[in-house]
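# Residue-level structure breakdown
Now for the letters of each chain:
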Amino acid sequence: MDEKLLNYYLELRSPDSGEWNLSPQCLHTELITRDYISKSFAVTNSLQVCNVGIGMGDWDNYLGYWLNGRGTVTSIDINKAICEIFEYRQRREGHPNPSKVLCMSIFDEGVPAAEFEIVTLIGSAINETGNFNKCLDSCFGLLKPGGHLMFMANTRKSPVEMVEQYIRSTEHQMEELNTYDAFPEYPFYICKIKKPGETTL
Ligand SMILES: C[S@@+](CC[C@H](N)C(=O)[O-])C[C@H]1O[C@@H](n2cnc3c(N)ncnc32)[C@H](O)[C@@H]1O
């Protein structure tokens, strides 16, 4: 497993991935997204947060540090290899508040129902699921009443109008939508959408 982990670290700086991972555009999206959650959500005791789509795992790793001592993170991903290396990486790095990893599709019947105060859906995860509206619906299903979905997406891949239009057709409420175009070649937005019910935050 250590060899797999070494390959995973090397892959992050390979010619295929390193150019993007080291770019100002990538650092900018990461900075804004991490700053957004830490400023937009109050951390109460026992806060339950779920992220859908682990990918590189840095976002999930960050969430665990953000909540350390105050809450827990559940990370859902359909890809078994990604789930395994992420769990192992957190163990090997000695993460003090590792995720509970659920290796399943967000569309599976067995996903937790109404368990989380916050669900996050970041980057191309929504596009990879292949069904924009169904993916949002499944994320809302994970939320407790009054919980929030934090959705970050590339404006070109997931136009703002698409999410706004869909949310208008549901009972959920768009509480905030910020767009970021400091790097016009990688414009993105972050929105905070509330599921109806008793407010938990
Ligand atoms: C490109 S990554 C982005 C993840 C992460 N938020 C980031 O920004 O690095 C997308 C992830 O979504 C996962 N994924 C794709 N379809 C999924 C599904 N139906 N259910 C759960 N995870 C899925 C993929 O396995 C992949 O790890």
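Predicted, not measured: the structure shown is a model, and the values here were computed from it.

Counting secondary structure elements, the protein chain contains 8 helices and 7 strands. For the protein chain, whose C-alpha radius of gyration is 16 Å, the value lies close to the compact-globule estimate of 17 Å for 201 residues. Taken over 201 residues, the protein chain has a buried fraction of 31%. Nonlocal contacts in the protein chain, meaning residues at least 24 apart in sequence, comprise 72% of its contacts between residues at least 6 apart.

Ranked by size, the top nonpolar core spans 33 residues in total, and within it Val52, Val119, Leu121, Cys139, Leu149 and Phe151 carry the most contacts. If one sorts the elements of this core by residue count, strand S5 (residues 143–154) sits on top with 6 residues. In contact with Leu149, other than residues within four places in its own chain, are Val119, Leu121, Cys139, Phe140, Leu143 and Ile193.

The strand order across the open sheet formed by 7 strands is S3-S2-S1-S4-S5-S7-S6, and the pairing between neighbours is mixed. The open sheet has two edge strands with one neighbour each: strand S3 (100–103) and strand S6 (173–180). Shown here is a sheet whose adjacent strand axes are inclined to one another by a mean of 15°, direction ignored. Relative to strand S7 (residues 188–194), S6 runs antiparallel, the two being bridged by 7 bridges. By the bridge assignment, Tyr180 is partnered in S7 with Phe188.

Glancing now at the environment of Ile85. Summarising the element assignment, Ile85 is placed in helix H5 (residues 80–92). With 20 C-beta atoms counted inside 10 Å, the residue Ile85 sits in the buried group. As for Ile85 and Tyr8, which are separated by 77 residues in sequence, their C-alpha atoms are 8.0 Å apart.

Counting buried residues along S7, 6 of its 7 residues qualify, which places the element largely inside the surrounding structure. Two elements, S5 and S7, share 7 bridges in a ladder whose sense is antiparallel. Along S7, the bridge assignment pairs His148 with Lys194.

This brings us to the site of the ligand. The environment of the ligand is formed by 20 residues, the closest being Gly53, Gly55, Asn79, Ile122 and Gly123. When contributions to the shell around the ligand are tallied by element, the ones reaching two or more residues are strand S2 (71–77) and helix H6 (125–129). Classifying every residue of the shell around the ligand gives 11 nonpolar, 7 polar and 2 charged.

Let us now look at the environment of Phe132. Structurally, Phe132 can be placed in helix H7 (residues 132–142). Along the chain, Phe132 and Met162 lie 30 residues apart, while their C-alpha atoms are 8.8 Å from each other. If sequence neighbours within four positions are ignored, Phe132 has contacts with Ile126, Ser158 and Met162.

Positioned with a positive phi, Ser46 is a non-glycine residue whose angle comes to about 65°. For Ser46, the location among the structural elements is in the loop between helix H3 (24–40) and strand S1 (47–52). Using a count of 10 C-beta atoms within 10 Å as the deciding quantity, one classes Ser46 as exposed.

As a further point, take the environment of Gly147. Note on placement: Gly147 falls in strand S5. Each C-alpha atom of the pair Gly147 and Phe116 lies 6.9 Å from the other, and the pair is 31 residues apart in sequence.

Before going further, it helps to examine the pairing of S5. Relative to S5, strand S4 (residues 116–122) is paired through 6 bridges, and the arrangement is parallel. Among the inter-strand pairings, Val119 is bridged to a residue of S5, identified as Leu149.

This part covers the packing of helix H1 (residues 2–12) against H5. Between H1 and H5, the least distance of the axes is 10 Å, while the angle of their chain directions is 95°. Judged on the interaxial angle alone, H5 and H1 are roughly perpendicular. For the pair formed by H1 and H5, the contact residues are Lys4, Leu5 and Tyr8 on the first element and Ile85, Tyr88, Arg89 and Arg92 on the second. In the contact of H1 with H5, the residues fall into 4 nonpolar, no polar and 3 charged.

Cut-offs applied
Residues numbered from 1 in each chain as written. Predicted model: local features only at pLDDT ≥ 70, side-chain atom pairs only at ≥ 80, totals over all residues. Helix = DSSP H or I, 4+ residues; strand = E, 2+ residues; numbered from the N terminus. Rg over C-alpha atoms; globule rule 2.2 N^0.38 Å. Buried ≥ 20, exposed ≤ 12 C-beta atoms within 10 Å, placed from the backbone. Contact = placed C-beta atoms within 7 Å. Core = buried A, V, L, I, M, F, W, Y, C linked by C-beta atoms within 7 Å. Pairing = 2+ DSSP bridges. Axes fitted to C-alpha atoms, helices over the stretch in contact; angles between N-to-C directions. Near = placed C-beta within 6 Å. Nonpolar A, V, L, I, M, F, W, Y, C, P; charged D, E, K, R; others polar. Parallel < 35°, antiparallel > 145°, perpendicular 65-115°, else oblique.

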